[in-house]
Amino acid sequence: MASVLKNASNFTMDNAQFNVAQTNIHQGAIGHNDPMRMLLSHSALSAMADSPTVYEPTCHPETRTLVSNHIMVWARDPKATPILWLSGPAGAGKSCIQRTIVQSTTAEGLFVACFFFSIKQSETNNQSRFIATLAAQLAENIPGLKWYIERAVKKDSRVFTKTLELQAQSLILKPLQELDNSMSNRLTRAFWRTLMALVAYEEDPDTPWTRANVIVVDGLDECVEQTEQTRILGLIHSLATHPQFPFRFAIASRPEYAIRTAFSSTPMSNDTLILRLEEYEADEDLRRFMKAEFSRLKSGHPASKSIPSDWPSTEHGNVLVTKASRQFVYVSIVMKHLKNPRRNPVLELQHIVGHRASANDLKSNPFAELDALYDRILHPPDIDTSLLRTILHSIIHDKLEEGSSTRLGYDLDTLLGLRSGTTASTLVDLHSVLNFNSPTRPTFHHKSLIDFLTSGSRAGDLYQSNDRTHVELTLAYFKLAQREIVTPASISIWNLTLLATSHACSVSDWSLFQRHFAKYTLPKFIDRVFDVTIEFQHAYLEQRGMSIHPTQHFRRVIDTPVMDERRRTLDPYSRRYHRFFVRSFSSSALFPPPDS
């Protein structure tokens with residue numbers, strides 16, 4: 001019998017977070033004889049600067065030059081602190097600056113690795129792939145290091161399941177020590193030291209020749225768990241101050257509480273240079289950016305012939321700069337919105353300039369002008385607000401991995417039970433705030449829009465609670481799974497059930513399930529799932545080489561303190577269905593033990 005799980009989707013469970021990817025169920029078997037392939041499979045490729053799956057801009061020419069120069073001075077100085085922290089508010093352009101630093105350090109031979117955290121993808125919004133991603137880049141960029149990292153992976157294929165600290169020791173520190181102790185490397189290092197010293201002396205006899213290499217870390221605040229933010233910073237400090245670690249870290253983030261607390265406490269404060277982006281002049285940079293973008297718009301817009309040559313006026317430009325309040329994201333969104341070919345840019349600019357936040361909002365909310373801009377863009381004429389709200393919050397919370405929707409064949413219309421083309425037509429005027437690179441899942445240009453939509457005091461009629469969204473997505477995935485269950489051999493049932501379970505476990509108010517579907521729909525669905533488990537049993541028996549039994553993954557969820565606490569807070573009715581719900585999918589009936 002051919003295995004229905006031959007190309008099955010892999011999953012991991014950690015605090016009820018489910019990741020679905022197009023790989024064999026036994027993650028440890030991936031590239032077992034190819035350690036670099038195995039390392040890359042545990043890395044976050046989209047966190048790397050050259051990732052083909054993510055497009056993020058660098059700084060516009062002649063903007064943010066002062067702060068970029070200050071960072072590069074630090075990067076070139078061998079006596080500088082081992083850590084630099086670029087702190088700045090949302091939308092100030094930190095990521096653009098960091099990508100510019102990657103380019104500049106690469107051009108000067110100073111770049112060795114980076115990690116760009118992003119809330120948009122599960123592999124970049126947590127700590128799990130941080131060390132593996134850095135190790136993969138170090139193996140590529142440091143001559144001679146690859147062999148030692150490969151050997152470390154071969155010696156311990158379980159290294160990726162261990163703590164970050166042990167991963168750092170096995171995949172980075174120990175290989176660096178072994179490389180440093182190798183005889184061939186000692187000879188090579190001595191040669192290059194002599195050569196670089198001679199070159200440096202010729203250029204400037206008073207300048208030290210030693211060069212420091214830089215690791216760039218961006219968007220640490222987009223690592224969802226604050227405890228993980230603190231842990232990563234502690235690990236970075238221990239690495240940066242280790243005598244066998246020759247690299248330094250340039251970190252950029254918002255000044256969130258956990259992050260600024262870590263940087264302000266000793267010993268980290270003694271080893272960190274702090275640059276605060278809000279202390280740098282930004283108005284002239286904003287004007288340069290707008291001047292270039294308006295020039296491009298006037299030559300490329302369908303209505304270009306009707307646009308006055310002196311547009312926009314100096315007054316309108318000054319108003320935009322004032323509204324932006326040093327937030328590059330504001331003028332960036334304005335320019336994207338004005339480029340909409342379905343709108344007259346002159347009239348749209350007049351509306352934006354005239355659309356002002358209230359005085360009370362400006363006093364209580366530092367993002368009041370940005371919120372007013374989002375409010376206008378998200379309420380185009382004839383928009384179905386309820387439908388738009390459902391779609392936007394589904395994009396925020398949907399746990400389906402980037403790219404998996406194409407493999408499973410479900411776009412948002414299919415998932416939400418909408419007529420084909422509904423999502424596209426609803427979002428047609430929102431290209432200024434959404435990316436449409438994926439054929440099935442739009443993404444947000446900037447995290448500030450997610451912050452806006454998930455705040456009841458800011459989003460107004462576009463706000464929806466997280467619980468409501470997770471309940472809706474649980475129901476949506478269950479309905480898809482019920483439809484797929486007519487073909488028992490379809491692995492889609494398994495994937496969809498995992499996704500439904502993931503969203504259900506993210507709901508804090510389980511009484512919502514009592515009102516919606518737990519009483520009738522769920523037990524019937526479970527019965528239908530068990531009707532086809534024999535197919536999965538046969539498939540699993542053909543996968544006997546797996547080192548980690550699938551049931552153990554589910555038991556990890558059941559045994560977590562978070563789930564135990566959740567069960568204790570439920571009323572008896574909800575607790576019964578919660579226990580039935582989770583234990584049903586942890587049952588060994590679904591996957592019998594290998595020796596059975």
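Preceding block: the structure.
Computed from a prediction, not measured in an experiment: that's the story for all the values here. (Residues numbered from 1 in each chain as written. Predicted model: local features only at pLDDT ≥ 70, side-chain atom pairs only at ≥ 80, totals over all residues. Heavy atoms only, no water.)

A.B. asks: I would appreciate a short explanation of the overall build of the protein in the present structure.
C.D. replies: Summing up its helical and strand segments, the protein has 29 helices and nine strands in all. Burial analysis of the protein (596 residues in total) assigns 52% to the buried set. (Helix = DSSP H or I, 4+ residues; strand = E, 2+ residues; numbered from the N terminus. Buried < 20%, exposed > 50% of the residue type's maximum accessible area, 1.4 Å probe, protein only.)

A.B. asks: Is there a simple way to explain the packing of helix H10 (residues 283-300) against helix H12 (residues 328-338) in this structure?
C.D. replies: If you want to describe how two helices pack, look at the angle between their axes and the distance between the axes. At their nearest, the axes of H10 and H12 sit 11 Å apart, and the two run at 10 degrees to each other. Taken together, H10 and H12 sit at an angle that is classed as roughly parallel. Listed contacts from H12 to Asp285, Leu286, Phe289, Met290, Glu293, Phe294 and Leu297 of H10 are Phe328, Val331, Ser332, Met335 and Leu338. Here the residues of the contact of H10 with H12 sort into nine nonpolar, one polar and two charged. (Axes fitted to C-alpha atoms, helices over the stretch in contact; angles between N-to-C directions. Parallel < 35°, antiparallel > 145°, perpendicular 65-115°, else oblique. Contact = heavy atoms within 4.5 Å. Nonpolar A, V, L, I, M, F, W, Y, C, P; charged D, E, K, R; others polar.)

A.B. asks: Looking at this model, I keep getting lost on the sheet that holds strand S4 (residues 111-116). Mind explaining?
C.D. replies: Strand pairing in a sheet is mediated by backbone hydrogen bonds. Such pairs are either parallel or antiparallel. As summarised here, the arrangement of the five strands in space is S4-S5-S6-S3-S7, forming an open sheet in which the pairing is parallel. Lying at the two open borders of the sheet, with one neighbouring strand each, are S4 and strand S7 (272-276). Strand-to-strand twist across the sheet, computed as the mean angle between neighbouring axes with direction ignored, equals 15 degrees. Sheet contacts for helix H8 (residues 226-240): strand S3 (83-87), strand S5 (213-218) and strand S6 (247-253); angle to S6, the most-contacted strand, approximately 155 degrees. (Pairing = 2+ DSSP bridges.)

A.B. asks: How should I be thinking about helix H6 (residues 164-181) in this particular structure?
C.D. replies: For an α-helix, 3.6 residues make a turn, and residues three or four places apart therefore share a direction. Compared with the 26 Å implied by 1.5 Å per residue over 18 residues, the 24 Å span of H6 between its first and last C-alpha is a close match. When the local axis directions of H6 are compared, the greatest deviation, roughly 30 degrees, occurs at Ser170. Of the residues making up H6, those classed as buried are Leu164, Gln167, Ala168, Leu171, Ile172, Leu173, Pro175, Leu176 and Leu179. (Expected span 1.5 Å × (residues − 1). Bend = angle between axes of the 7 residues up to and from the residue.)

A.B. asks: Quick question: what am I supposed to make of the pairing of S6 here?
C.D. replies: It is a general feature of regular strands that their side chains alternate between the two faces of the sheet. Most of S6 is tucked away: seven of the seven residues are buried. Burial of S6 is two-sided: the residues Phe247, Phe249, Ile251 and Ser253 facing one way and the residues Arg248, Ala250 and Ala252 facing the other way are all buried. Bridge count for S3 against S6 is five bridges, and the pairing is parallel. Its bridge partner being in S6, Trp85 is matched across the sheet by Ile251.

A.B. asks: In this structure, what is going on with the packing of aromatic side chains? I would like to understand it.
C.D. replies: How two aromatic rings sit relative to each other is set out by the distance from centre to centre and by the angle between their planes. Summed over the entire model, instances satisfying the criterion amount to ten aromatic pairs. Measuring from ring centre to ring centre gives 5.0 Å for Trp147 and Tyr148, while their planes differ by 90 degrees; the resulting arrangement is edge-to-face. Between Tyr374 and Phe452, the ring centres sit 5.6 Å apart and the planes meet at 40 degrees, which makes this aromatic pair tilted. With Tyr374 in helix H15 (residues 368-377) and Phe452 in helix H20 (residues 447-453), this residue pair connects regions lying 78 residues apart in the sequence. (Phe/Tyr/Trp six-rings, centres within 6.5 Å; stacked < 30°, edge-to-face > 60°.)

A.B. asks: Any chance you could explain unusual backbone geometry here in plain terms?
C.D. replies: One can expect most non-glycine residues to show negative phi and most peptide bonds to be in trans. Backbone torsion omega between Thr266 and Pro267 reads 5 degrees, so that peptide bond is classified as cis. With respect to the secondary-structure elements, Pro267 resides in the loop between helix H9 (257-264) and S7. The backbone of Arg64 sits at a positive phi, close to 55 degrees, despite the residue not being glycine. Of note in this structure, Ser325 is not a glycine but carries a positive phi near 50 degrees. In this structure, Ser325 sits in the loop between helix H11 (314-324) and H12. Looking at Ser325, the relative accessible area reads 47%, which means it is partly exposed.

A.B. asks: What's the story with the pattern of salt bridges in this structure? I'm lost.
C.D. replies: Overall, the coordinates contain 17 salt bridges when judged by the stated rule. The residue Lys162 makes a salt bridge to Asp156 at a minimum N-O spacing of 2.5 Å. With a shortest N-O distance of 2.9 Å, Asp451 and Arg254 are connected by a salt bridge. With a gap of 197 residues between them, Asp451 in helix H20 and Arg254 in the loop between S6 and H9 connect regions that are remote in the sequence. (Salt bridge = Lys/Arg side-chain N within 4 Å of Asp/Glu carboxyl O.)

A.B. asks: How do you make sense of the side chain of Thr272 when you look at a structure like this?
C.D. replies: In this fold, Thr272 is placed in strand S7. Here Met268 takes part through its backbone oxygen, which lies 2.8 Å from a polar atom of the side chain of Thr272. Ignoring anything within four residues of it in the chain, the contact list for Thr272 reads Thr81, Ile83, Leu84, Trp85 and Phe263. (Polar contact = N/O pair within 3.5 Å; in protein donor to acceptor, adjacent residues only side chain to side chain.)

A.B. asks: I would appreciate a short explanation of the environment of Asp375 in the present structure.
C.D. replies: By the element assignment, Asp375 lies in helix H15. Along the sequence, Asp375 and Ala459 sit 84 residues apart, while their C-alpha atoms lie 7.5 Å from each other. With residues up to four places along the chain from it excluded, the contact list for Asp375 reads His355 and Phe452.

A.B. asks: How should I be thinking about helix H13 (residues 345-354) in this particular structure?
C.D. replies: Considered for burial, the residues of H13 that qualify are Pro345, Val346, Glu348, Leu349, Ile352 and Val353. Taken around the axis of H13, the buried residues stretch over an arc of 160 degrees, which confines them to a single face. (Arc of directions from axis to C-beta.)

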